[in-house]
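A closer look at the structure
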Amino acid sequence: DGIMRFCFIGVFNSVFDFEPVRDAALMAIQENIPLEFILAGDGGFAAELHKTLADLPNVNFPGWIDRPKIEALAQHCQSMVAPYQNREDFHLSIPNKIIDAFSLGLPILCPLEGEVASLIEEYDVGLRYRPGTGRTLYDCIKILMDNPELQKRMSQNARALYEKRFSYEKVYGELVKHLEKMAMYRHYKHE
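Anyway, here's the lowdown on the structure attached to this text. These numbers were taken from a predicted model, which means no experiment stands behind them.

**Here's the deal with the overall build of the chain**
On a plain count of helices and strands, the chain comes out with nine helices and six strands. Counting only residues that meet the buried cut, the chain has 46% of its 191 residues in that class. Restricting the contact set of the chain to residue pairs at least 6 apart, pairs at least 24 apart contribute 68%. Put simply, the chain shows about 10500 Å² of open surface, and 53% of that area lies on carbon and sulfur atoms.

Shown next as C-alpha coordinates:
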(Lines give C-alpha, C1' and ligand atoms only; values in the text may rest on other atoms or scores of the structure.)
Protein backbone atom coordinates (compact mmCIF):
# COMPACT_ATOMS: atom_id res chain seq x y z
CA ASP A 1 0.00 0.00 0.00
CA GLY A 2 3.02 2.29 -0.21
CA ILE A 3 3.23 2.85 3.54
CA MET A 4 6.57 2.20 5.24
CA ARG A 5 6.08 0.53 8.60
CA PHE A 6 8.33 0.50 11.61
CA CYS A 7 7.47 -1.59 14.65
CA PHE A 8 8.16 -2.02 18.31
CA ILE A 9 7.11 -5.26 19.99
CA GLY A 10 7.42 -5.62 23.72
CA VAL A 11 6.62 -4.34 27.18
CA PHE A 12 6.07 -0.61 27.56
CA ASN A 13 8.21 0.31 30.55
CA SER A 14 10.70 2.84 31.86
CA VAL A 15 13.73 1.52 29.93
CA PHE A 16 12.32 2.90 26.67
CA ASP A 17 12.14 6.49 25.42
CA PHE A 18 9.30 6.91 22.93
CA GLU A 19 9.66 10.71 22.58
CA PRO A 20 11.85 10.32 19.46
CA VAL A 21 9.16 8.07 17.97
CA ARG A 22 6.55 10.78 18.65
CA ASP A 23 8.77 13.45 17.10
CA ALA A 24 9.50 11.32 14.02
CA ALA A 25 5.80 10.53 13.58
CA LEU A 26 4.99 14.26 13.72
CA MET A 27 7.67 15.06 11.15
CA ALA A 28 6.26 12.42 8.81
CA ILE A 29 2.80 13.95 9.12
CA GLN A 30 4.17 17.45 8.48
CA GLU A 31 6.07 16.29 5.40
CA ASN A 32 3.21 14.05 4.21
CA ILE A 33 5.42 10.94 4.27
CA PRO A 34 3.54 7.60 4.18
CA LEU A 35 4.93 6.19 7.41
CA GLU A 36 3.37 4.16 10.21
CA PHE A 37 4.67 3.14 13.61
CA ILE A 38 3.11 -0.03 15.00
CA LEU A 39 3.72 -0.32 18.73
CA ALA A 40 2.62 -3.78 19.82
CA GLY A 41 2.61 -4.70 23.47
CA ASP A 42 1.45 -3.70 26.90
CA GLY A 43 2.93 -2.84 30.26
CA GLY A 44 3.08 -0.36 33.10
CA PHE A 45 3.59 2.65 30.84
CA ALA A 46 0.96 1.66 28.24
CA ALA A 47 -1.70 4.16 29.37
CA GLU A 48 0.80 7.02 29.45
CA LEU A 49 2.18 6.05 26.04
CA HIS A 50 -1.27 5.80 24.50
CA LYS A 51 -2.10 9.24 25.88
CA THR A 52 1.16 10.76 24.60
CA LEU A 53 0.72 9.37 21.08
CA ALA A 54 -3.09 9.28 20.80
CA ASP A 55 -3.33 12.29 18.50
CA LEU A 56 -1.03 10.79 15.86
CA PRO A 57 -2.88 8.93 13.09
CA ASN A 58 0.35 7.24 11.94
CA VAL A 59 0.91 5.47 15.27
CA ASN A 60 -1.07 2.32 15.98
CA PHE A 61 -1.36 0.11 19.07
CA PRO A 62 -2.55 -3.42 18.25
CA GLY A 63 -2.03 -4.52 21.87
CA TRP A 64 -0.25 -7.68 22.95
CA ILE A 65 0.32 -10.08 20.05
CA ASP A 66 1.48 -13.70 19.92
CA ARG A 67 4.40 -15.12 17.92
CA PRO A 68 2.46 -15.91 14.69
CA LYS A 69 1.13 -12.32 14.64
CA ILE A 70 4.60 -10.97 15.40
CA GLU A 71 6.00 -12.86 12.41
CA ALA A 72 3.16 -11.61 10.18
CA LEU A 73 3.73 -8.03 11.34
CA ALA A 74 7.48 -8.30 10.70
CA GLN A 75 6.82 -9.26 7.08
CA HIS A 76 5.13 -5.88 6.59
CA CYS A 77 7.72 -3.76 8.39
CA GLN A 78 10.96 -2.25 7.15
CA SER A 79 12.65 -2.07 10.54
CA MET A 80 12.19 -2.48 14.27
CA VAL A 81 12.58 0.55 16.50
CA ALA A 82 14.40 -0.28 19.75
CA PRO A 83 14.09 3.03 21.63
CA TYR A 84 16.14 2.07 24.68
CA GLN A 85 17.30 4.77 27.03
CA ASN A 86 21.03 5.11 26.61
CA ARG A 87 21.94 3.66 30.03
CA GLU A 88 25.25 2.14 31.07
CA ASP A 89 23.77 -1.33 31.64
CA PHE A 90 22.54 -1.40 28.05
CA HIS A 91 25.94 -0.29 26.74
CA LEU A 92 27.47 -3.46 28.14
CA SER A 93 24.87 -5.91 26.85
CA ILE A 94 22.72 -6.83 23.90
CA PRO A 95 19.09 -6.41 25.00
CA ASN A 96 16.53 -8.99 23.93
CA LYS A 97 14.63 -6.60 21.60
CA ILE A 98 17.74 -6.40 19.44
CA ILE A 99 18.00 -10.18 19.16
CA ASP A 100 14.24 -10.41 18.53
CA ALA A 101 14.58 -8.00 15.60
CA PHE A 102 17.44 -10.02 14.12
CA SER A 103 15.46 -13.26 14.47
CA LEU A 104 12.68 -11.64 12.43
CA GLY A 105 15.12 -10.39 9.80
CA LEU A 106 14.46 -6.75 10.69
CA PRO A 107 17.18 -4.11 10.83
CA ILE A 108 17.13 -2.06 14.01
CA LEU A 109 16.87 1.66 14.64
CA CYS A 110 18.39 2.24 18.05
CA PRO A 111 20.21 4.96 20.01
CA LEU A 112 22.38 2.64 22.11
CA GLU A 113 26.11 2.96 22.37
CA GLY A 114 28.43 0.10 23.32
CA GLU A 115 27.73 -3.47 22.27
CA VAL A 116 24.68 -2.70 20.13
CA ALA A 117 26.48 0.14 18.34
CA SER A 118 29.34 -2.27 17.62
CA LEU A 119 26.94 -4.83 16.13
CA ILE A 120 25.32 -2.18 13.94
CA GLU A 121 28.67 -0.95 12.69
CA GLU A 122 30.38 -4.31 12.24
CA TYR A 123 27.52 -6.26 10.69
CA ASP A 124 25.49 -3.50 8.95
CA VAL A 125 22.24 -4.52 10.67
CA GLY A 126 20.62 -1.14 11.30
CA LEU A 127 21.13 2.52 12.02
CA ARG A 128 21.76 4.51 15.19
CA TYR A 129 19.98 7.71 16.06
CA ARG A 130 20.90 10.21 18.75
CA PRO A 131 19.02 9.75 22.03
CA GLY A 132 16.33 12.27 22.89
CA THR A 133 15.81 13.54 19.37
CA GLY A 134 13.24 12.53 16.83
CA ARG A 135 15.10 14.37 14.08
CA THR A 136 17.87 11.79 13.84
CA LEU A 137 15.40 8.89 14.13
CA TYR A 138 13.43 10.46 11.28
CA ASP A 139 16.65 10.85 9.27
CA CYS A 140 17.39 7.13 9.77
CA ILE A 141 13.88 6.26 8.63
CA LYS A 142 14.27 8.42 5.54
CA ILE A 143 17.56 6.68 4.72
CA LEU A 144 15.79 3.30 4.75
CA MET A 145 12.81 4.67 2.81
CA ASP A 146 15.00 6.21 0.14
CA ASN A 147 17.27 3.16 -0.17
CA PRO A 148 15.25 -0.07 -0.49
CA GLU A 149 18.39 -2.02 -1.41
CA LEU A 150 20.08 -0.86 1.81
CA GLN A 151 17.03 -1.93 3.83
CA LYS A 152 17.00 -5.31 2.10
CA ARG A 153 20.73 -5.84 2.69
CA MET A 154 20.42 -4.87 6.37
CA SER A 155 17.48 -7.24 6.71
CA GLN A 156 19.48 -10.12 5.25
CA ASN A 157 22.46 -9.22 7.45
CA ALA A 158 20.24 -9.14 10.56
CA ARG A 159 18.89 -12.63 9.89
CA ALA A 160 22.37 -13.98 9.08
CA LEU A 161 23.79 -12.48 12.29
CA TYR A 162 20.99 -14.09 14.29
CA GLU A 163 21.76 -17.49 12.78
CA LYS A 164 25.51 -17.04 13.30
CA ARG A 165 25.51 -15.78 16.90
CA PHE A 166 22.13 -15.80 18.60
CA SER A 167 19.99 -18.73 17.46
CA TYR A 168 18.97 -21.27 20.09
CA GLU A 169 21.03 -23.97 18.44
CA LYS A 170 24.16 -21.81 18.38
CA VAL A 171 23.80 -20.46 21.92
CA TYR A 172 22.89 -23.83 23.43
CA GLY A 173 25.78 -25.57 21.66
CA GLU A 174 28.27 -22.97 22.90
CA LEU A 175 26.88 -23.23 26.44
CA VAL A 176 27.27 -27.01 26.43
CA LYS A 177 30.88 -26.69 25.21
CA HIS A 178 31.62 -24.12 27.91
CA LEU A 179 30.10 -26.26 30.67
CA GLU A 180 31.99 -29.34 29.49
CA LYS A 181 35.23 -27.37 29.48
CA MET A 182 34.54 -26.14 33.02
CA ALA A 183 33.74 -29.68 34.20
CA MET A 184 36.93 -31.05 32.64
CA TYR A 185 39.01 -28.28 34.20
CA ARG A 186 37.52 -28.94 37.62
CA HIS A 187 37.99 -32.70 37.21
CA TYR A 188 41.70 -32.37 36.32
CA LYS A 189 42.29 -29.74 38.98
CA HIS A 190 41.16 -32.13 41.72
CA GLU A 191 43.20 -35.13 40.55
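**A closer look at the sheet that holds strand β5 (residues 108-110)**
Spatially, the six strands line up as an open sheet ordered β3-β2-β1-β4-β5-β6, and their pairing is parallel. Two strands close off the open sheet at either side, each with one partner strand: β3 (59-63) and β6 (126-128). Adjacent strand axes in the sheet meet at a mean angle of 25 degrees when their direction is disregarded. The strands touched by helix α1 (residues 19-30) are β2 (35-42), β3 and β4 (79-81); relative to β2, the strand with the most contacts, the crossing angle is about 150 degrees.

**A few points about the packing of aromatic side chains**
Under the defined criterion, the tally for this structure stands at ten aromatic pairs. Residues F12 and F61 carry aromatic rings whose centres are separated by 6.2 Å and whose planes lie at 85 degrees to one another, so their mutual orientation is edge-to-face. Of this pair, F12 sits in the loop between β1 (4-11) and α1 while F61 is found in strand β3, placing the two residues 49 residues apart along the sequence. In this structure F12 comes out as buried when scored by relative accessible area, which is 1%. Judged by its relative accessible area of 22%, F61 falls in the partly exposed class. Feature note: the residues F8, F12, F16, F18, F61, Y84 and F90 constitute an aromatic cluster, connected by ring pairs.

**Considerations on the state of the cysteines**
Scanning all chains against the criterion turns up zero disulfides. Cysteine C7 shares no disulfide, and the gap to the nearest cysteine sulfur, in C77, comes to 3.9 Å.

**Here we look at unusual backbone geometry**
Here N32, not a glycine, exhibits a phi torsion of approximately 55 degrees, which is positive. Structurally, N32 is set in the loop between α1 and β2. A residue is classified by how much of its surface remains accessible, and N32, at 68% relative accessible area, is exposed. If you check the backbone angles, D124 has positive phi at about 55 degrees while not being a glycine. Relative to the elements of secondary structure, D124 occurs in the loop between α6 (115-123) and β6.

**Focus on the nonpolar core**
Counting 62 residues, the largest nonpolar core has F6, F37, L39, Y84, F102, L109 and I141 as its most contacted members. Ignoring anything within four residues of it in the chain, the contact list for F6 reads L35, E36, F37, I38, Q78, S79, V81, L109, I141, L144 and M145.

What counts and what doesn't
Residues numbered from 1 in each chain as written. Predicted model: local features only at pLDDT ≥ 70, side-chain atom pairs only at ≥ 80, totals over all residues. Heavy atoms only, no water. Helix = DSSP H or I, 4+ residues; strand = E, 2+ residues; numbered from the N terminus. Buried < 20%, exposed > 50% of the residue type's maximum accessible area, 1.4 Å probe, protein only. Contact = heavy atoms within 4.5 Å. Areas by Shrake-Rupley, 256 points an atom, 1.4 Å probe, with all protein chains shown as cover. Pairing = 2+ DSSP bridges. Axes fitted to C-alpha atoms, helices over the stretch in contact; angles between N-to-C directions. Phe/Tyr/Trp six-rings, centres within 6.5 Å; stacked < 30°, edge-to-face > 60°. Disulfide = S-S within 2.5 Å. Core = buried A, V, L, I, M, F, W, Y, C linked by side-chain atoms within 4.5 Å.

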